[in-house]
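Residue-level structural notes
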Amino acid sequence: MANFSKSHVPQFSVEVYQNEYLPEGGREVNAIVTVTSTGGGTTGGIPLTGATVSPARVPGQGPNAAVVIMVDCSGSMDYPPTKMRNARDATAAAIDTLRDGTSFAVVGGTHVAKEVYPGNGRLATADAQTRAQAKEALRRLSAGGGTAIGTWLRLTDRLLGAADVDIRHGILLTDGRNEHESPEDLADALEACAGRFTCDARGVGTDWEVKEVTAIASALLGTVDIIADPAGLAADFTQMMENAMGKEVADVALRLWTPVGVEIKFVKQVAPTVAELTDRRTEAGPRAGDYPTGSWGDESRDYHVCVQVPEAGIGQEMLAARVSLILPDPSGTAAPQTLSQGLVRAVWTDDMVASTSINPQVAHYTGQAELAQVIQQGLDARKSGDFDGATAKLGRAVQLASASGNADTAKLLSKVVDVVDAATGTVRLKAKVTEADEMTLETRSTKTVRVKK
């Protein structure tokens, strides 16, 4: 696989989809912002729209990434014994996927965190020899002890912090609940690590807490999933590492500038998953704030921005917000780089057709965000014994999944409810639901489908 120079930055574009027309007295403006990055790592420096090699590609220069794999080694990983073996095999597969020159380490996690490879607070540089050494070290991993994920994350942060790279990434595997430290300890660790590295989290089996593992991935801007059958770990770890190797630029921020009198109601990612960003704003100058988006390769994501503007008369128009993609200078000595920009507008009209038309992208993603919410509410109601409430919420989820063409979520819902009529959301709760099916629905509830354009 080709390597890339540190200075290589993919091309970013911003597209804004909205209905800018408001009725008299109208104040709420909604926009879907599509951010696309091309010419980065996952296509080998070849833009998605053409067949010419990007001029920024510099063969022979080392990758600009460091990865730490955190493997749960608590006592429960021995039940059944194949679980620990599958975890070792999956970690070995991920190590085989590392690009030459990538810095890496393996951490074993119990109620304490220990360095499995290379040790002494260092990172190894991926090549044939270090991969072989790391896989040999994995063979010595055994299960025993408790679970304190905050200690794993803090050790990972120390290891990654010592690397002179832009892309810092963690992969975390756990099979149980975080029982050997307080929720406050984990929250403190996540706060300390946020913005310093991204982290994908995976729960194996069915004895872990979905909300706990999801919160870890969310705080560290990574993906989350369930691997109900440990035999599926190797394929998943390989895919995760391939995705990590495709990242070319880190710490991209979505910057929102708003004029005087405009209030931001919310900012959230809506594709490929729903992720709330509103409370993660950091101030970036007068009337401007940055929302973190993490690392990027060749990919496209959608964001929903909702602002409240001052009232204005018919015929007036204003800039409601300016959306920019910002790349900070790693050294902090130079001004941040603006990668792309888009504008959100407000125009007041007495044309009722124009002002009441809902933009298709806005309507679609409003439904996808509601879909994620009602699944969570329905499952919570089911667990608490409120079966009427669970039926109503999960019925609404079936209706939304059907209307938006979210076939994957519809399939997961059908494992929890019997669908009588998808269009009306008429369902019956299944009498027997496996824990794996319920946890899979909860874990993947935030996955969305792109709007049909």
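From a predicted model like this one, the values you see are computed outputs, not experimental measurements.

Check the secondary structure of the protein chain and you find eleven helices and 20 strands. For the protein chain, the C-alpha radius of gyration of 23 Å lies close to 22 Å, the compact-globule estimate for 453 residues. If one aligns the C-alpha atoms of the protein chain with their principal axes, the spans along those axes are about 75 × 60 × 45 Å. Burial status across the protein chain gives 51% buried among its 453 residues. Side chains of the protein chain give 44 positive and 56 negative charges; the mean places of these two sets differ by 4 Å.

For the structure shown, the criterion picks out two aromatic pairs. With centroids separated by 5.5 Å and ring planes inclined at 70 degrees, the aromatic side chains of Phe-12 and Trp-296 adopt a geometry described as edge-to-face. One end of the pair, Phe-12, is in strand β1 (residues 11–18); the other, Trp-296, is in strand β15 (residues 288–296), with 284 residues separating them in the sequence. Residue Phe-12 is classed as buried on the basis of its relative accessible area, which comes to 8%. We classify Trp-296 as buried; its relative accessible area is 0%. Over the aromatic face of Trp-296 sits the side chain of Arg-301, whose NZ or CZ is 3.7 Å from the ring centroid. Arg-322 extends its terminal NZ or CZ atom over the ring of Trp-257, reaching a point 4.8 Å from the ring centre.

Applying the stated criterion to the full structure yields zero disulfides. Its sulfur unpaired, Cys-193 is 8.8 Å from the next cysteine sulfur, which belongs to Cys-199.

An order of β1-β3-β16-β12-β13 is seen for the five strands of this open sheet, with the pairing classed as antiparallel. Across the chains shown, the open sheet's two edge strands, defined by having one partner strand only, are β1 and β13 (275–276). Of the strands in this sheet, β1, β3 (28–38), β12 (263–271) and β16 (299–308) touch helix α8 (residues 360–383), which is tilted by about 90 degrees from β3.

On to the pattern of salt bridges. For the structure on display, the rule yields 22 salt bridges. Two residues, Glu-283 and Arg-281, come together in a salt bridge whose shortest N-O distance is 2.9 Å. In this structure Arg-281 comes out as partly exposed when scored by relative accessible area, which is 24%. Measuring nitrogen to oxygen at the nearest pair gives 2.8 Å for the salt bridge that ties Glu-370 to Arg-396. You can see Glu-370 sitting in helix α8 and its partner Arg-396 sitting in helix α9 (residues 387–404), a full 26 residues away along the chain. Using a relative accessible area of 31% as the deciding quantity, one classes Arg-396 as partly exposed. When salt bridges that share partners are traced, they join Lys-211, Asp-380, Lys-383 and Glu-442 into one network.

Rules behind the numbers
- Residues numbered from 1 in each chain as written.
- Predicted model: local features only at pLDDT ≥ 70, side-chain atom pairs only at ≥ 80, totals over all residues.
- Heavy atoms only, no water.
- Helix = DSSP H or I, 4+ residues; strand = E, 2+ residues; numbered from the N terminus.
- Rg over C-alpha atoms; globule rule 2.2 N^0.38 Å.
- Buried < 20%, exposed > 50% of the residue type's maximum accessible area, 1.4 Å probe, protein only.
- Lys, Arg positive; Asp, Glu negative; His and termini not counted.
- Charge placed at Lys NZ, Arg CZ, Asp CG, Glu CD.
- Phe/Tyr/Trp six-rings, centres within 6.5 Å; stacked < 30°, edge-to-face > 60°.
- Lys NZ or Arg CZ within 6 Å of the ring centre and 35° of its normal.
- Disulfide = S-S within 2.5 Å.
- Pairing = 2+ DSSP bridges.
- Contact = heavy atoms within 4.5 Å.
- Axes fitted to C-alpha atoms, helices over the stretch in contact; angles between N-to-C directions.
- Salt bridge = Lys/Arg side-chain N within 4 Å of Asp/Glu carboxyl O.

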